[in-house]
Amino acid sequence: LAADYHYTGIALRTEQVYTAEKAGYVSYYAAEGEKVSVLSTVYTVDESGRMSELLQESAGELSLDDADYSEIRASVNSYLSNYSDMSFDEVYDFKTNVNSAILDLVNQNMIDQLDSTSEDAGGLFTRYNAAAAGVVEYYIDGYEGATVDAVSADWFDEEGYERQELRTEELVSEGDPVYKLVTEEDWLLVFPLDSEMESYLLSEIESNQTTAEDGTVTQNPTYIEIRFDKDEETVWPSVTIQYVDGQAYGVLSFVNSMIRYADDRYLDFEILRDETIGLKIPQSAVTEKEFYVIDA
C-alpha cells in the first residue's frame, strides 16, 4: 500500500556561456565540475597547432594514482548497474562520460608542464582564465538562460533533449562556445504536478500561513523532504507552485548542493511523504466472534 511519489525535474541555475575569442586548437585545463576563480586557467588556444605538438612531446606517459582509477571504476560501475537493453542510447552518454573523465586526468597531467613548455612555444598560444568565479562545465543545451516563468511541457520531453559536449572539438572558430560557468549556489528544480501532489502541496503551503491580528496573512517558507535517485541524497528544499497555461508546476528552491548536480539538467527524485492516514482495510480482515463476559 506504499505510495510512489517519483518525479523528474529540470534544473535551472545561473549559468553563463563563454565563447572563443580567436580560432585555433583548444586545450582544457580545469576539470569539469571544478570550482574556479578569476585567476584559474580554464583553457588555451593555439593558433598554429605547435603548442599541441610540444605538449605531446613533453607529456610522457600518463600516470594514474588509486584515486584516478577509482573515479573511472565508479563511472563504469554506475553504468553497469543501470544498464538496460531498452535504453541503448545511454551507451553513448557512458562513452562521453568516460572520455571526459580520462580527458580531465590527461589535462591535469599536462597543466603541470604548461609553464615550462610555454617558453618553447614562442608565444603561439593564448591562455584564458575564468571570466568569473564559479563551477566550470563543458556542455550547453539551450537552458542556460531559462526561467520559471517560461516553463512549458516541452521542457520535459527528454527524448527531444539535445546536449552539446564542448570538449569533443579540438579546433574551434572565433565565437564558438568553449565553456560555461555556474556562478550562484542557489538553484531551482521545476517539475509538473499531478492533481494529487498539487493538492498535497497546496495544503502544506496553506498550513504555513500565519494571520496577524489586523488580518494580514504572511506566507512562511514551506519545506518538503525529497531523495535524489542519482545518489540517494536526502535534502529539504523549500517549495512553491507556479501555474503556466493551466498546468501546475512544483518549484523546489535549493541554497546548496549545486556543484553535486551541476552536470545534470534532468534529475529524478522522490517526495517523501509521511503517510499516517488512509490505510486500506480489506473486508476479509473484519471478523465476528461470540464471547462471554464474566462479572467481576
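Residues numbered from 1 in each chain as written. Predicted model: local features only at pLDDT ≥ 70, side-chain atom pairs only at ≥ 80, totals over all residues. Heavy atoms only, no water.

Asks: How should the environment of Ile259 be read in this particular structure?
Replies: One can find Ile259 in the loop between strand E18 (247-254) and strand E19 (266-271). Given a relative accessible area of 35%, Ile259 falls into the partly exposed group. Along the backbone, Ile259 and Lys35 are 224 residues apart, and their C-alpha atoms lie at a distance of 8.4 Å. If near-sequence neighbours (up to four positions away) are discounted, Ile259 is found in contact with Gly33, Lys35 and Val135. (Helix = DSSP H or I, 4+ residues; strand = E, 2+ residues; numbered from the N terminus. Buried < 20%, exposed > 50% of the residue type's maximum accessible area, 1.4 Å probe, protein only. Contact = heavy atoms within 4.5 Å.)

Asks: I keep staring at helix H5 (residues 195-207) and nothing clicks. Help me out?
Replies: Because the α-helix completes a turn every 3.6 residues, residues three or four places apart line up on one side. The terminal C-alpha atoms of H5, which comprises 13 residues, lie 18 Å apart, in line with the 18 Å expected from a rise of 1.5 Å per residue. In this structure, the buried residues of H5 make contact with strand E1 (6-12), strand E13 (209-211), strand E14 (217-219), strand E17 (238-244) and E19. (Expected span 1.5 Å × (residues − 1).)

Asks: How should the packing of aromatic side chains be read in this particular structure?
Replies: Two measures describe an aromatic ring pair: the distance that separates the ring centres and the angle between the ring planes. Under the definition given, this model contains 16 aromatic pairs. Look at Phe228 and Tyr261: their rings are 4.5 Å apart centre to centre, the planes differ by 40 degrees, and that puts the pair in the tilted class. Within this pair, whereas Phe228 is found in strand E15 (residues 226-228), its partner Tyr261 is found in the loop between E18 and E19, the two being separated by 33 residues in sequence. There is no split in this pair, since Phe228 and Tyr261 are both buried. A cation sits over an aromatic face here: Arg163 above Tyr139, 3.7 Å from the ring centre. (Phe/Tyr/Trp six-rings, centres within 6.5 Å; stacked < 30°, edge-to-face > 60°. Lys NZ or Arg CZ within 6 Å of the ring centre and 35° of its normal.)

Asks: Where do I start with the sheet that holds strand E11 (residues 177-182) in this structure?
Replies: The pairing of strands in a sheet happens through backbone hydrogen bonds and is either parallel or antiparallel. Spatial strand order, E2-E11-E7-E4: 4 strands in an open sheet with antiparallel pairing. The two strands at the open ends of the sheet, each matched to only one other strand, are strand E2 (15-19) and strand E4 (35-36). Examined bridge by bridge, strand E7 (residues 134-137) and E11 share 3 bridges and lie antiparallel to one another. What sits directly across from Glu137, in E11, is Lys180. (Pairing = 2+ DSSP bridges.)

Asks: What is the right way to look at the environment of Thr222 in this model?
Replies: Locating Thr222 in the fold gives a position in the loop between E14 and E15. According to the relative accessible area criterion, Thr222 is buried, its value standing at 3%. A sequence separation of 15 residues divides Thr222 from Ser207, and the C-alpha atoms of the two residues are 8.7 Å apart. Setting aside residues no more than four positions away along its own chain, Thr222 makes contact with Glu204, Ile205, Asn208, Pro237, Ser238 and Val239.

Asks: What is the right way to read a negative patch on the surface from this model?
Replies: A cluster of acidic residues, Asp154, Asp157, Glu158, Glu159, Asp229 and Asp268, forms a negative patch on the protein surface. For Glu158, the position within the fold is in the loop between strand E8 (139-140) and strand E9 (164-165). (Patch = residues over 30% accessible without salt bridge, like charges linked within 9 Å, V, L, I, M, F, W, Y side chains within 5 Å. Areas by Shrake-Rupley, 256 points an atom, 1.4 Å probe, with all protein chains shown as cover. Salt bridge = Lys/Arg side-chain N within 4 Å of Asp/Glu carboxyl O. Lys, Arg positive; Asp, Glu negative; His and termini not counted. Charge placed at Lys NZ, Arg CZ, Asp CG, Glu CD.)

Asks: Would you mind showing me how to read the pattern of salt bridges here?
Replies: Using the criterion set out here, one finds 15 salt bridges in the structure. Measuring nitrogen to oxygen at the nearest pair gives 3.5 Å for the salt bridge that ties Glu47 to Lys22. Of this pair, Glu47 sits in the loop between strand E5 (41-46) and helix H1 (50-59) while Lys22 sits in the loop between E2 and strand E3 (24-28), placing them 25 residues apart in sequence. Taking relative accessible area as the criterion, Glu47 reaches 52% and is therefore assigned exposed. Of the residues examined, Lys22 reaches a relative accessible area of 23% and is grouped as partly exposed. One connected set of salt bridges, linked through shared partners, spans Arg13, Glu15, Asp141, Glu144, Lys180 and Arg265.

Asks: Any chance you could explain the pairing of strand E12 (residues 187-192) here in plain terms?
Replies: Walk down a regular strand and you will see the side chains alternate between the two sheet faces. Looking at chain direction, E1 and E12 are connected through 3 bridges and run antiparallel. Among the inter-strand pairings, Leu12 is bridged to a residue of E12, identified as Leu188. As paired elements, E12 and E18 share 6 bridges and run antiparallel to each other. Pairing of Trp187 across the sheet is with Phe254, part of E18.

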